[in-house]
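Inside the fold
In case you want the letters, here they are:
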Amino acid sequence: MIQGLESRGSLVMRMEAIDEQLVERIDRYVEDLFVREDTILAECLKDTAAAGLPSINVSPNQGKLLYLVARISRASRILELGTLGAYSTIWLARAVPAGGRVITLEVNSHNADVARKNLIRAGCGGRVEVRVGDATATLRQMIATGEPAFDLIFIDADKPRYVDYLHLSLQLAHSGSVILADNLIRNGRVLDAHPEDELVRGVKAFNEAIAAHPRLESIILPIYRSKVDGLSISLVK
Ligand code: SAH
Ligand code: DHB
Ligand code: MG
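Residues numbered from 1 in each chain as written. Chains lettered and ligands numbered in written order. Predicted model: local features only at pLDDT ≥ 70, side-chain atom pairs only at ≥ 80, totals over all residues. Heavy atoms only, no water.

1. Some thoughts on the site of ligand 2
Worth spelling out the cut-off: When at least one non-hydrogen atom of a residue lies within 4 Å of a molecule or strand, that residue is treated as near it. Polar contact is defined as a pair of N or O atoms within 3.5 Å, subject to the rule that within protein one atom must be able to donate a hydrogen and the other to accept it, and that residues adjacent in sequence are counted only when both atoms are side-chain atoms. Residue exposure ignores everything except the shown protein chains as possible cover, and the areas themselves are Shrake-Rupley values with a 1.4 Å probe. Two kinds of site are reported from a 1 Å grid over the protein atoms alone, namely cavities, where a 1.4 Å probe fits but cannot get out, and pockets, open sets with protein on both sides within 12 Å along at least five of seven lines, and residues are called lining when an atom falls within 4 Å of a point. Molecules are considered to sit inside a cavity or pocket once more than half of their atoms lie within 2 Å of its grid points.
Neighbouring ligand 2 are Ile56, Asp156, Lys159, Asp182, Asn183 and Arg186. Here Asp156 contributes a side-chain N or O atom positioned 2.8 Å from an oxygen atom of ligand 2. In this structure, an oxygen atom belonging to ligand 2 sits 3.1 Å away from a side-chain N or O atom of Asp182. In the complex, 68% of the free accessible area of ligand 2, which totals 290 Å², lies under the protein chains. In this structure, ligand 2 is accommodated by the largest pocket.

2. Some words on the site of ligand 1
What counts is decided by this rule: To qualify as a helix, a DSSP run of H or I must reach at least 4 residues; to qualify as a strand, a run of E must reach at least 2; elements of each kind are numbered from the N terminus. Residues are grouped as follows: nonpolar covers Ala, Val, Leu, Ile, Met, Phe, Trp, Tyr, Cys and Pro; charged covers Asp, Glu, Lys and Arg; every other residue, Gly included, is treated as polar.
Surveying the vicinity of ligand 1 reveals 21 residues, the closest of which are Gly82, Ser88, Glu106, Asp134 and Asp156. Here an oxygen atom of ligand 1 sits 2.6 Å away from a polar atom, N or O, in the side chain of Glu106. Coverage of ligand 1 by the protein amounts to 90% of the 580 Å² it exposes when considered alone. Judged by the proximity of its atoms to the pocket grid, ligand 1 belongs to the largest pocket. Those elements that place two or more of their residues in the shell around ligand 1 are helix H6 (87-95) and strand E2 (101-106). The residue makeup of the shell around ligand 1, split by class, is nine nonpolar, six polar and six charged.

3. Re the coordination of the magnesium ion (ligand 3)
Cut-off, in case you're wondering: A 2.8 Å cut-off from the metal defines N, O and S donors, relaxed to 3.2 Å for Na, K and Ca; water is not in the atom list, so some sites may appear incomplete. To sort residues, take the accessible area from a 1.4 Å probe on protein chains only and compare it with the maximum for the residue type: under 20% means buried, over 50% means exposed, and anything in between is partly exposed.
Here the magnesium ion (ligand 3) is held by Asp156 (OD), Asp182 (OD) and Asn183 (OD1), and the distances to it run 2.0 to 2.1 Å. The sequence motif formed by the donor residues of the magnesium ion (ligand 3) is D-x25-D-N. Of the two residues, Asp182 and Asn183, both sit in the buried class.

4. Re the packing of helix H4 (residues 39-50) against H6
Test applied: Axis definition: a line fit to C-alpha positions, over the contact stretch in the case of helices; interaxial angles, taken between N-to-C directions, run 0 to 180 degrees. Any angle between 65 and 115 degrees counts as roughly perpendicular, while under 35 counts as roughly parallel, over 145 as roughly antiparallel, and the rest as oblique. Left-handed describes a crossing whose near helix is turned anticlockwise from the far helix through less than a right angle; right-handed describes the clockwise counterpart. Only heavy atoms matter for contacts: two residues are in contact if any of them lie within 4.5 Å across the pair.
At a closest axis distance of 10 Å, the pairing of H4 and H6 adopts a crossing angle of 155°. Here H4 is positioned roughly antiparallel relative to H6, judged by the angle of their axes. For H4 against H6, the interelement crossing comes out right-handed. Seen from H4, the contacting residues are Ile40, Leu41, Cys44 and Leu45; seen from H6, they are Tyr87, Ile90, Trp91 and Arg94.

5. Looking at helix H5 (residues 60-72)
Filter applied, for reference: A helix is expected to span 1.5 Å for every residue after the first.
Its 13 residues place the ends of H5 18 Å apart at the C-alpha level, agreeing with the 18 Å of an ideal helix rising 1.5 Å per residue. The positive-phi residue at the C-terminal boundary of H5 is Arg74, with phi of around 55°.

6. Points about the packing of H5 against H6
Put simply, H5 and H6 touch, their axes get as near as 8 Å, and they point 30° apart. Taken together, the axes of H5 and H6 lie roughly parallel to each other. The hand of the H5/H6 crossing is right-handed. Each of Pro60, Gly63, Lys64, Leu66, Tyr67, Ala70 and Arg71 in H5 lies in contact with H6, whose residues at this interface are Tyr87, Ser88, Trp91, Leu92, Arg94 and Ala95. Grouping the amino acids of the contact of H5 with H6 by side-chain chemistry returns eight nonpolar, two polar and three charged.

The following block contains the structure:
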């Protein structure tokens, strides 16, 4: 341990104490054991990057986790906020049974075009709908038009609005629905009492909101890749 680590209590110092190489090797070890080599997902990531989109998709292990949570909860109607190139969407779409449906919301129409191509190549085009527009507006519209409730909702769009997304998502959920959200630890930056970054403030407020919400039972799982992030799992009572 670095001397003075405890007394300084500095977040940066603590994070430096993590052996990032070891964390990467463990992540890869789990991936090699449990996530099949998948040419469709590999092509999806390749074309997403080639189209100029950032590589901020969930990791392969996290994709497998999303898939398993969807399977375990027997979700047949899934809503996703934040599509990017549809990497996570494909994992979720593979989890739904025949007749199931995934609706994924994306503000950027270029991203949505890339996503649709990836979904078609993955054979998921028929059960996934990409809706272009600001997620807040789309969610409000869905609520107003009586969209049937979703069994699973994955929140992964712009972080400052996560608390709004939670409240809107709850209006599209039923008792027993599962709500998941990505990027809740941000390499430990949520430990800051008053984060400067509005993204970190957004997810920190979300974490406190799911912890306090009377309709939810929740936990956050740390997700290790090169950095530590987190995924929440909430059950709607
Ligand atoms: N779920 C994806 C990653 C999503 S990245 C995966 O794991 O593969 C976040 C996405 O949210 C980006 O594509 C971004 O364009 C989109 N986004 C940002 N703000 C948004 C908004 N207000 N409404 C809908 N989508 C938004
Ligand atoms: C980042 C990662 C994400 O998973 C995401 O949804 C948005 C941004 C990032 O690392 O910047
Ligand atoms: Mg994310």
